[in-house]
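# Understanding the architecture of this molecule
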Amino acid sequence: MGIAFDVAPDRPENIDTILNGLDRYNPETTAVFQEYVAQQCENQTYDCYANLALLKSYQFNPHLTRDEATTNILVKALTVFPSPDFPLCLSLLPPYVLATTKTTTQSGPPAAGSLAEAVQHLTTLHTQLINADYAAFWSTLDSDDLYADLVADVQGFEEMMRVRIAVVVSQCMQEVDRSVLESWLNLTGAKFDGFVKEVCGWKMNEQGKVAIPLNKENEAKGTVVREDVKFEQFGRMIKRAYEVGA
Amino acid sequence: MSVRQAPKYQQNAPERTIDDDSDVEEEALANDYQEQVSYEDGGDYDLDRTGSAGGGPQDLHAQLVAAAQPLEYGASIELKIQSYDSYCALFHYILNSEGPVDIEVPSYYWAWDVIDEFIYQFNSFCAYRQRLAHTQPADKEDDISILRENPNTWGCYSVLNVLYSLIQRSQISEQLAAKKRGEDSALYAGEYGSRNLYQMLGYFSIIGLLRVHCLLGDFSLALKTLDDIELNKRAMFARVMAANFTTYYYVGFSYMMMHRYADALRAFNHILIYVSRTKNFQKNAQFDSITKKNDQMYALVAICVAFYPQRLDDTIHTALREKYGEQLTRMQRGGPEALPIFEELFRAACPKFISPTAPDFDNPQLNVDPVEHHLAIFMEEVKNNMFSPTVRSYLKLYTTMDLKKLAGFLEVDAETLRSWLLVNKQRSRQMRHSEGGLLEGDVVNSSDLDYAMQADLIHVSEAKVGRRLVDWYLRNLARTY
């Protein structure tokens, strides 16, 4: 059984109470949620459903909006790609932040330091991630100080991204060239070896390839879907058999 | 036009499967239809609409009637604001009188119509206000100044407040939860909830919330709202055609925006099959207006099927081919040429999204149409999936394949193809609902094609569907009786 979208294992009780009651609309609870977001950044937990409630609160009360909390939520959502969390967060942001030159009279890139600029930068990262263009993701991340600022609050961001990428790789591959994986994880040499061996538990083989143990997702075994036969389907036949017998 | 003008159609027919006895079914439908006609002719609340609803409880009946009536097309802004005020007065009276208000409401339809019309007016008011703020047409300056002065009219908070208050007063959530546990819901109804008026308004307010949350772009909360309602044909909303239709549309749409295409398709299929089976009994003027929403849902089905290839019910499949055959083929082929089709269909089929706050009249460029916003987000998803059909169509032909060779066929470099393969693999894993709340589900492989890469060698595997013998066996056996 998967985990329902509205469930987070580490959610404190007071947050849960707010989320399930009408207090989630109370502007006074934004402070509580902001605190909770900061906590998630700090101790590497994640609660999308609660974060969406904060974004909704901002949506209703734009004057309360704290850009920092918004971008932190988006960065946290990046760490769980390719789940729909990031787009779901975007849906609750004010429409102008994504507006491109095509739809507005305003021309040129958004003003420096604005929320729109930050959101559009993060959207670029998200696009690269969901397109599995990991090498581009890392180089974009390094290309601009703004990125470093945006992810600074989220503890262990790079490590989490590497783990996420490794998960994707383990679902799709049985063996991967070292050079390819190096560019995807943005690690080389001893650091690369350490990550692959200790964090992922994978082995290098003689040809300079990384071998990934088989799991349910990467074995690519043909299956035959068989039909489920329920006893009830034979009900009429059995009834008939009784009648004939009598 | 919207489902709000849909036929007031009642349906109590039992749950049916494809091979049901169709005579029985049609008879049941015919009976329902009779009921519906008599309802429409009965004039239960078909009284003349009184323009001003400002009076006290004396003309309550007139107010109740007015609340369920659509505003005339092109109503002036004053009329829209006035309508808001009379809704406020009515709901205030119902919610805040001393003790429950003692009136019997005409029918289920009435309660649905009130909530439906209330939200419809809210939705169109917000859309109108946003459009004016964005374009600032010179001939509408009067309207703009009125809107500037009344930023809280049709405010989001007050609309939500009404819906939540109706739900709380009627203790409908508690009642539904009790019913789910198999207990007597009357024990949980309380002073208000035991009355028809509150019970029905509360119930349809839940559906109303689903809709409002979806319009505001909060898709997960929209689905969460339905936690207490069981989606099946015995549910109360299923008795009112328009409510039934609306519910599945918003459930399906919310699922789609959460990238759960299998679940979205299930919701759309359910209601579309239902409509196609009953349409022969709905040949009245009102049926025309449901047709538009119906077409919108087919457009959404086309989008979802393009994302998530699936065998559809024959009726749906035929209708889909008829309405969007060409678009579907192009979307299923994928690639950049398909993007405008996705965009066109999404625009045609999405709800009229709104922003919750009053627009900024001083900065027109900030008031971007929320539809554009959601479209942009959705198109990211489409672009992400753009090359999956191509990849799949090639992989189907092989059991093993060299990455570089396949890249040569596709005229892309090996690194790009490697990324496409990762993307397609991730896309094939989707959350699918099996039981419990609508937000629950399991991650399943949605594709019959699977593969894994051993460095540059792609191993392809296929999930074949075995022969279905039981049905064949039983049918032939029955013939020998």
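What counts and what doesn't
- Residues numbered from 1 in each chain as written.
- Chains lettered and ligands numbered in written order.
- Predicted model: local features only at pLDDT ≥ 70, side-chain atom pairs only at ≥ 80, totals over all residues.
- Heavy atoms only, no water.
- UniProt positions renumbered as here; feature names shortened; annotations may be inferred.
- Helix = DSSP H or I, 4+ residues; strand = E, 2+ residues; numbered from the N terminus.
- Buried < 20%, exposed > 50% of the residue type's maximum accessible area, 1.4 Å probe, protein only.
- Contact = heavy atoms within 4.5 Å.
- Areas by Shrake-Rupley, 256 points an atom, 1.4 Å probe, with all protein chains shown as cover.
- Domains from an automatic or database assignment.
- Buried area = accessible area lost by both parts, 1.4 Å probe.
- Salt bridge = Lys/Arg side-chain N within 4 Å of Asp/Glu carboxyl O.
- Polar contact = N/O pair within 3.5 Å; in protein donor to acceptor, adjacent residues only side chain to side chain.
- Nonpolar A, V, L, I, M, F, W, Y, C, P; charged D, E, K, R; others polar.
- Pairing = 2+ DSSP bridges.
- Axes fitted to C-alpha atoms, helices over the stretch in contact; angles between N-to-C directions.
- Parallel < 35°, antiparallel > 145°, perpendicular 65-115°, else oblique.
- Left-handed = near helix turned anticlockwise from the far one by under 90°.
- Patch = residues over 30% accessible without salt bridge, like charges linked within 9 Å, V, L, I, M, F, W, Y side chains within 5 Å.
- Lys, Arg positive; Asp, Glu negative; His and termini not counted.
- Charge placed at Lys NZ, Arg CZ, Asp CG, Glu CD.
- pLDDT = per-residue confidence, 0-100.
- Expected span 1.5 Å × (residues − 1).
- Bend = angle between axes of the 7 residues up to and from the residue.
- Disulfide = S-S within 2.5 Å.

For chain B, an unreviewed UniProt entry supplies the name Eukaryotic translation initiation factor 3 subunit L and the organism Neohortaea acidophila. The record in UniProt for chain B states the following under Subunit (unreviewed entry): "Component of the eukaryotic translation initiation factor 3 (eIF-3) complex." Taken from UniProt, the Sequence similarities (unreviewed entry) comment for chain B reads in full: "Belongs to the eIF-3 subunit L family."

In the nomenclature of an unreviewed UniProt entry, chain A is known as Eukaryotic translation initiation factor 3 subunit K of Neohortaea acidophila. Turning to chain A, the UniProt annotation filed under Sequence similarities (unreviewed entry) states: "Belongs to the eIF-3 subunit K family." Quoted verbatim from the Subcellular location (unreviewed entry) heading of the UniProt record, the comment on chain A is "Cytoplasm".

This part covers the overall build of chain B. What chain B contains, in helices and strands, is 20 helices and five strands. Taken across its 481 residues, chain B has 56% of its residues classed as buried. The contacts of chain B with a sequence gap of at least 6 include a subset with a gap of at least 24, amounting to 71%. Accessible area of chain B: about 20800 Å², with a carbon and sulfur share of 49%.

Residues and elements named next belong to chain A. You can read the domains of chain A as domain 1 (13-172) and domain 2 (175-246). Computed over C-alpha atoms, the centres of domain 1 and domain 2 are 31 Å apart. At the interface, 13 residues of domain 1 touch 14 residues of domain 2. Buried surface at the junction of domain 1 and domain 2, both sides included, amounts to about 1200 Å², of which 68% is carbon and sulfur.

Moving on, we come to the domain arrangement of chain B. Along its sequence, chain B is carved into domain 1 (24-30 + 61-234), domain 2 (240-356 + 368-385) and domain 3 (388-480). Relative to domain 3 of chain B, the C-alpha centre of domain 1 of chain B lies at a distance of 44 Å.

Opposite the 68 residues of chain A that make contact, chain B presents 67 residues. Across the chain A/chain B interface, buried area totals approximately 5900 Å², and carbon plus sulfur atoms make up 62% of it. Along the contact surface separating chain A from chain B lie three salt bridges. Salt-bridge contacts for Asp218(B) lead to Lys56(A); the nearest nitrogen and oxygen are separated by 3.3 Å. One can count 21 residue pairs in polar contact (both at pLDDT 80 or more) joining chain A with chain B. Elements supplying a minimum of two residues to the side of chain A that touches chain B: α3 (48-60), α5 (85-91), α6 (115-130), α9 (157-172), β1 (173-177), α10 (178-185), β4 (223-225) and α12 (235-245) of chain A. Classifying every residue of the side of chain A that touches chain B gives 39 nonpolar, 17 polar and 12 charged. Two elements, β1(A) and strand β4 (residues 449-454) of chain B, share two bridges in a ladder whose sense is parallel. Within the sheet, the bridge partner assigned to Glu175(A) lies in β4(B) and is Gln454(B).

What follows is about the packing of helix α7 (residues 134-143) of chain A against α10(A). Residues and elements named next belong to chain A. Here α7 crosses α10 at 40°, and the two axes come no closer than 7 Å. It follows that α7 is oblique to α10 by the angle criterion. Both α7 and α10 take part in a crossing whose hand is left-handed. Residues Tyr134, Ala135 and Trp138 of α7 lie in contact with α10, whose contacting residues are Ser183, Trp184 and Leu185.

A surface patch of like charges, here negative, comprises Glu42(A), Asp67(A), Glu68(A) and Asp153(A). Residue position: Asp153(A) is located in the loop between α8 (145-151) and α9.

All names here are of chain A. Summarising the model, chain A shows a mean pLDDT of 86, and 93% of its residues fall at 70 or more. Confidence, read as mean pLDDT per element, is least for β4 in chain A (75) and greatest for α5 (93). Here residues 101-107 is a poorly scored stretch, pLDDT under 50, and it has 10 contacts once near neighbours within four places are set aside; other chains count.

Another aspect to go through is helix α14 (residues 314-333) of chain B. All names here are of chain B. The terminal C-alpha atoms of α14 lie 21 Å apart, and with 20 residues this falls more than 12% below the ideal 28 Å at 1.5 Å per residue. Of all the bends in α14, the largest measures some 90° and sits at Tyr324. When α14 is considered as a whole, its buried residues turn out to be Ile316, Ala319, Leu320, Tyr324, Gly325, Gln327, Leu328 and Met331. In the segment just after α14, Gly334 is the residue with positive phi, at about 75°.

The next point concerns unusual backbone geometry. Cis peptide bonds are those with omega within 30 degrees of zero, and the linkage from Phe81(A) to Pro82(A) qualifies with 0°. At Glu411(B), a residue that is not glycine, the phi angle is positive and equals roughly 60°. Note that Glu411(B) resides in the loop between α18 (403-410) and α19 (414-427). A relative accessible area of 73% places Glu411(B) in the exposed class.

Take the UniProt feature "transmembrane region" (unreviewed entry) in chain B next. Residue and element names in this part refer to chain B. Here, the residues flagged by UniProt with the feature "transmembrane region" (unreviewed entry) are residues 201-223 and 235-256. The straight-line gap between the two end C-alpha atoms of residues 201-223 is 19 Å; of that span, 87% is helix and 0% is strand. Summarising residues 235-256: 73% helix, 0% strand, and an end-to-end C-alpha distance of 23 Å.

Residue and element names in this part refer to chain B. A full pass over the atoms with the stated rule returns zero disulfides over all chains. The cysteine Cys88 is free of any disulfide, with Cys126 supplying the nearest cysteine sulfur at 13 Å. When its relative accessible area of 30% is taken as the criterion, Cys88 is described as partly exposed. Lacking any disulfide linkage, Cys304 is separated from the closest cysteine sulfur, that of Cys214, by 13 Å. Judged by relative accessible area, Cys304 falls into the buried class, the value being 0%.

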